[in-house]
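Each chain is listed here by its residues.
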Amino acid sequence: LNGKMDLSQAEAVSDLIRARSDRGIELAQRQLHGAVGRKMSQLTDRLLAVMAHVEAYIDFPEEDLPSEDQQGPAADLRRVINEVGDLIDTQHYSALLHEGIKTLIIGEPNVGKSSLINTLTGSDRSIVSDIPGTTRDYISAFVMLGPWRIEILDTAGLHEAGDAIEQIGINHTIEQAETADFFLLVLDAGAPSPALPDALLQRMRPANTIVIENKVDLPHARAHDGFMTAFKHARISLQDQLGIAEFRQSWAETIESNLSQPSSTDGVVVNARHASALGEARNALELAAQKMREQDLSELIAADLRDAVESIGKVVGKVDNERMLDSLFKQFCI
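Just so it is clear, the model here is predicted, and its values are computed rather than measured. (Residues numbered from 1 in each chain as written. Predicted model: local features only at pLDDT ≥ 70, side-chain atom pairs only at ≥ 80, totals over all residues. Heavy atoms only, no water.)

Caption draft 1: Structural view of the pairing of strand 4 (residues 182–188). Of all seven residues in strand 4, seven are buried; the element is thus mostly enclosed. Across the two faces of strand 4 the burial is the same, with Phe182, Leu184, Val186 and Asp188 and Phe183, Leu185 and Leu187 all buried. For strand 1 (residues 101–107) and strand 4, the ladder comprises five bridges, and the chain directions are parallel. Bridging from a neighbouring strand, Ile105 pairs with Leu184 of strand 4. In this sheet, strand 5 (residues 209–214) lies alongside strand 4 in parallel orientation, the contact comprising six bridges. Counted as the bridge partner of Asp188 is Asn214 from strand 5. (Buried < 20%, exposed > 50% of the residue type's maximum accessible area, 1.4 Å probe, protein only. Helix = DSSP H or I, 4+ residues; strand = E, 2+ residues; numbered from the N terminus. Pairing = 2+ DSSP bridges.)

Caption draft 2: Structural detail: helix 6 (residues 113–121). Along helix 6, the positions that sit buried rather than exposed are Lys113, Ser114, Leu116, Ile117, Asn118 and Leu120. Tucked into the core, helix 6 has its buried residues touching strand 1, strand 2 (139–145), strand 3 (148–154), strand 4, strand 5 and helix 9 (244–258). Following helix 6 by one or two positions, Gly122 has its phi on the positive side, about 75°. (Contact = heavy atoms within 4.5 Å.)

Caption draft 3: Representation of the nonpolar core within the structure. If you look at the biggest cluster of nonpolar residues, it comprises 33 residues, and the most contacted ones within it are Met40, Leu47, Leu77, Leu278, Leu285 and Leu305. Only helix 3 (35–59), helix 4 (71–89), helix 10 (272–293) and helix 11 (298–316) provide two or more residues apiece to this core. Among residues more than four places away in sequence, those in contact with Leu278 are Met40, Val84, Leu87, Ile88, Val270, Ile312 and Val315. The next biggest cluster of nonpolar side chains, apart from the first, holds 29 residues, and it includes Leu184, Ala234, Ile236 and Trp251. (Core = buried A, V, L, I, M, F, W, Y, C linked by side-chain atoms within 4.5 Å.)

Caption draft 4: Up close: the environment of Thr119. Of note, Thr119 is situated in helix 6. The partly exposed category is assigned to Thr119, whose relative accessible area is 25%. Separated by 122 residues in sequence, Thr119 and Gln241 have C-alpha atoms that sit 8.7 Å apart. If we ignore the near neighbours within four places in the chain, the residues touching Thr119 are Leu238, Gln241 and Ile244.

Caption draft 5: Looking closely at the packing of aromatic side chains. Considering all chains together, one arrives at two aromatic pairs under this definition. Aromatic side chains Phe182 and Trp251 sit 6.3 Å apart centroid to centroid with 40° between the ring planes, which places their arrangement in the tilted category. Note that Phe182 is positioned in strand 4 and Trp251 in helix 9, a separation of 69 residues in sequence. Trp251 carries the same exposure label as Phe182, and that label is buried. Look at Phe247 and Trp251: their rings are 5.5 Å apart centre to centre, the planes differ by 15°, and that puts the pair in the stacked class. Residue Phe247 and its partner Trp251 are located together in helix 9, separated by four residues, close to a single helical turn. (Phe/Tyr/Trp six-rings, centres within 6.5 Å; stacked < 30°, edge-to-face > 60°.)

Listed below in structure tokens is the structure:
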């Protein structure tokens, strides 16, 4: 109310209080120091320049202005649209920091999935048993991996289900994979490589998956070098606690290199509210760009541009008409 911070900075105070990871704190601090506000101001100034160009021919038709050429504004407008789109895409990164990187532990029964989540959390979070199908639904827990907050889900083993209840658990695993950010595929080093459902394989990539070969302490253990060769492999023994530190380091490095902060937006990351407002702005800008291509009336183009500026203004505060007029008079000798 006193003009000491914009709306995005006020939100950052809450984000800073609720931050659960080092990366979340860093993001909230940047926002608190005005990173989002400065980016919105830059976008607004560039849009106001386009509006000034368009509105000059509406408001001052009697002046001796150059011939109206929409090619220049159209190129500037397309660059703004692309930048707004890049900003909207950063919402996913914001969700990762605030909610945690959703990680699925998947694999066949009795490969050590429940033992892995217990080792990572340092507690008996999941029941460990030699009986196949012990885990019939997913079990979640939160852990810290360096500066990252991780939500781990221990899921039902992937195999031919013995009963309807067990099949429901397997179906839940596949459903959870649709929204997972990372996968830890656990194998039995002494057993053949598993066959995975297509629904899982479509979501798994070298950037978001580590293959964990467990039970390397067994006499008949072998390396699964020919299985998913493009993916990182970690050979461990949960029974003897071998290779755990190396696996955690490899996991952290994979996250850091593939889920790091977007660099194309000057370090600015938006939350869901910001993304919604920017989505409205992008829709309005696309309409304006379409009308420019079709050489529609300048009044209609200007109306869409005003809608876009108003939507961007929702992120940090309202933009008044004086800023557009200032930009207009700077560009034209009127």
